[in-house]
Amino acid sequence: MIRLAIFASGSGSNAERISDYFSNHSSISIDLFLTNNPQAGVIERGKRLGIPTLVFDKKSFTSSEKILEILKKQEIDFIILAGFLWLIPEMYIKAFPNKIINIHPALLPKYGGKGMWGHHVHEAVVANQETESGITIHYVNEHYDEGRIIFQATCIVDVLDTPEDVAKKIQQLEHTHFPVVIENLLTKQTVNTQNTLS
Ligand code: GRF
């Protein structure tokens, strides 16, 4: 089995969607949720799904090897960031080379970088009168949203769309594509880089 850990700072709808997709999978399992946020919705989801969920603070994440040791002890092979807001320290990237991926709710390199998360992204997309937005799944390196792109999918942004409307379209894209991209990446090693949903 390929054992996955999912880091999430918020609601965790992607974490749940991915876990549902891989329950009973022949070669991939979701074994651990991790969050920096004691209020995160992902904690409740983990309880409901029976997935062990670890809440950690900044010090144990950045200035000690505590979390790394837990990941190793749990024999985690691959890490998924699904709405995780902290920068990943170098020690994790070294320990999991090309084995950490993130989903970003926009078409990188546009609307990426520090501060560009959640509703901030969708507000900026609407304010700039973009006609499309989308999702980007990419490898994680030491910089926010700069690792190699694995997959993108797009959606139309209508003139009258509010940031909330865009957020709904993006969430739909994420829930549709993220588990499949993970599966392809881990089992087939070939993923389309473009996909359009109109
Ligand atoms: C997603 O839009 C993801 O792209 C972004 O944060 C959001 C997380 O949503 N980075 P959820 O917690 O999975 O519901």
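Predicted model only: the values in this text are computed from it and were never measured.

**Q** I'd like a rundown of the site of the ligand, residues and numbers included.
**A** Taken together, the residues surrounding the ligand are Ser11, Gly12, Ser13, Asn14, Gly83, Ile103, Pro105 and Glu174. In the model, an oxygen atom of the ligand is placed 2.7 Å from a nitrogen or oxygen of the glycine 12 main chain. A distance of 2.8 Å is found between an oxygen atom of the ligand and a backbone nitrogen or oxygen belonging to asparagine 14. Relative to its unbound accessible area of 360 Å², the ligand is 82% covered by the protein chains. A breakdown of the residues in the shell around the ligand according to their chemical character gives two nonpolar, five polar and one charged.

**Q** Hey, could you go over the pattern of salt bridges for me, with residue numbers and the actual values?
**A** Applying the stated criterion to the full structure yields seven salt bridges. The partner of lysine 94 in a salt bridge is glutamate 90, with the nearest N and O atoms 2.9 Å apart. Taken together, the residues lysine 94 and glutamate 90, both in helix 5 (residues 90-95) and four residues apart, mark about one turn of the helix. Among the charged side chains, a network of salt bridges with common partners joins Glu16, Arg45 and Arg48.

**Q** Can you break down the pairing of strand 4 (residues 78-81) residue by residue, with the values?
**A** Side chains of strand 4 alternate between two faces, with Phe78 and Ile80 and Ile79 and Leu81 buried alike. Bridging between strand 1 (residues 2-7) and strand 4 involves four bridges; their strand directions are parallel. Opposite isoleucine 6, over in strand 4, you have isoleucine 80 as the bridge partner. Judged from the three bridges that link them, strand 4 and strand 5 (residues 100-104) form a sheet pairing that is parallel. Among the inter-strand pairings, isoleucine 79 is bridged to a residue of strand 5, identified as isoleucine 100. With helix 5 bridging strand 4 and the parallel strand 5, this β-α-β connection has right-handed handedness.

**Q** Give a description of the environment of glutamate 65 that names residues and reports values.
**A** Relative to the helices and strands, glutamate 65 resides in the loop between helix 3 (58-62) and helix 4 (66-73). Of the residues examined, glutamate 65 reaches a relative accessible area of 46% and is grouped as partly exposed. Separated by 36 residues in the primary sequence, glutamate 65 and serine 29 place their C-alpha atoms 24 Å from one another.

**Q** Residues and numbers for the packing of aromatic side chains, please.
**A** Here the structure, examined in full by the defined rule, presents eleven aromatic pairs. Measuring from ring centre to ring centre gives 6.2 Å for phenylalanine 56 and phenylalanine 84, while their planes differ by 55°; the resulting arrangement is tilted. Of this pair, phenylalanine 56 sits in the loop between strand 3 (53-55) and helix 3 while phenylalanine 84 sits in the loop between strand 4 and helix 5, and the two are 28 residues apart along the sequence. Classification of phenylalanine 56 as buried rests on a relative accessible area of 5%. Among the aromatic residues, those joined into a ring-pair cluster are Phe7, Phe56, Phe61, Phe84, Trp86 and Tyr92.

**Q** Describe in detail the packing of helix 1 (residues 13-22) against helix 2 (residues 41-49), supporting the description with residues and values.
**A** Contact geometry of helix 1 with helix 2 gives a least axis separation of 9 Å together with a crossing angle of 20°. Judged by the inter-axis angle, helix 1 sits roughly parallel to helix 2. In terms of crossing hand, the pair formed by helix 1 and helix 2 is right-handed. For the pair helix 1 and helix 2, contact is made by Ser13, Ala15, Glu16, Ser19 and Asp20 and by Val42, Arg45, Arg48 and Leu49, respectively. Among the residues forming the contact of helix 1 with helix 2, the class breakdown is three nonpolar, two polar and four charged.

The rules behind each value
Along each chain, residues carry numbers from 1 onward, in the same order as the chain's sequence is written. Local features are withheld for residues below a pLDDT of 70 in this predicted model, meaning they are given only at 70 or higher, and side-chain atom pairs are given and counted only at 80 or more; totals for whole chains, interfaces and linings count all residues. Only heavy atoms go into the side-chain values, all of them from the structure, while hydrogens and water stay out. Any residue with at least one heavy atom within 4 Å of a molecule or strand is counted as near it. Pairing of N or O atoms within 3.5 Å defines a polar contact, subject to two protein rules: one partner must be a possible hydrogen donor and the other a possible acceptor, and residues neighboring in sequence count only if both atoms are side-chain atoms. The protein chains shown are the only cover counted for residues, whose accessible areas, like all others here, come from Shrake-Rupley with a 1.4 Å probe. Under the convention adopted here, Pro, Cys and the residues Ala, Val, Leu, Ile, Met, Phe, Trp and Tyr are nonpolar, Asp, Glu, Lys and Arg are charged, and Gly plus all remaining residues are polar. When a carboxyl oxygen of Asp or Glu lies within 4 Å of a side-chain nitrogen of Lys or Arg, that pair is called a salt bridge. For the purposes of this entry, the term helix denotes a DSSP run of H or I that reaches at least four residues, the term strand denotes a run of E that reaches at least two, and both are numbered from the N terminus. The classification of residues rests on relative accessible area computed with a 1.4 Å probe and restricted to protein chains. Under 20% of the type maximum is buried, over 50% is exposed, and intermediate values are partly exposed. Strands pair, by our definition, only if DSSP identifies at least two bridges between them. Handedness of a crossover: with both strands directed away from the viewer, a clockwise path from the first strand across the helix to the second marks it as right-handed. Each pair of aromatic rings taken from Phe, Tyr and Trp, with Trp reduced to its six-membered ring, is defined by centres within 6.5 Å and is described as stacked if the planes are under 30 degrees apart, edge-to-face if over 60, and tilted in the remaining cases. Throughout, an axis means a line fitted to C-alpha atoms (over the contacting stretch in the case of helices), and angles, computed between N-to-C directions, take values from 0 to 180 degrees. Under this scheme an angle from 65 to 115 degrees is roughly perpendicular, one under 35 degrees roughly parallel, and one over 145 degrees roughly antiparallel; angles in between are oblique. Left-handed describes a crossing whose near helix is turned anticlockwise from the far helix by less than a right angle; the clockwise case is right-handed. Residues count as neighbours in contact if any of their non-hydrogen atoms are within 4.5 Å of one another.

The values reported here are purely geometric and, on their own, carry no functional implication.
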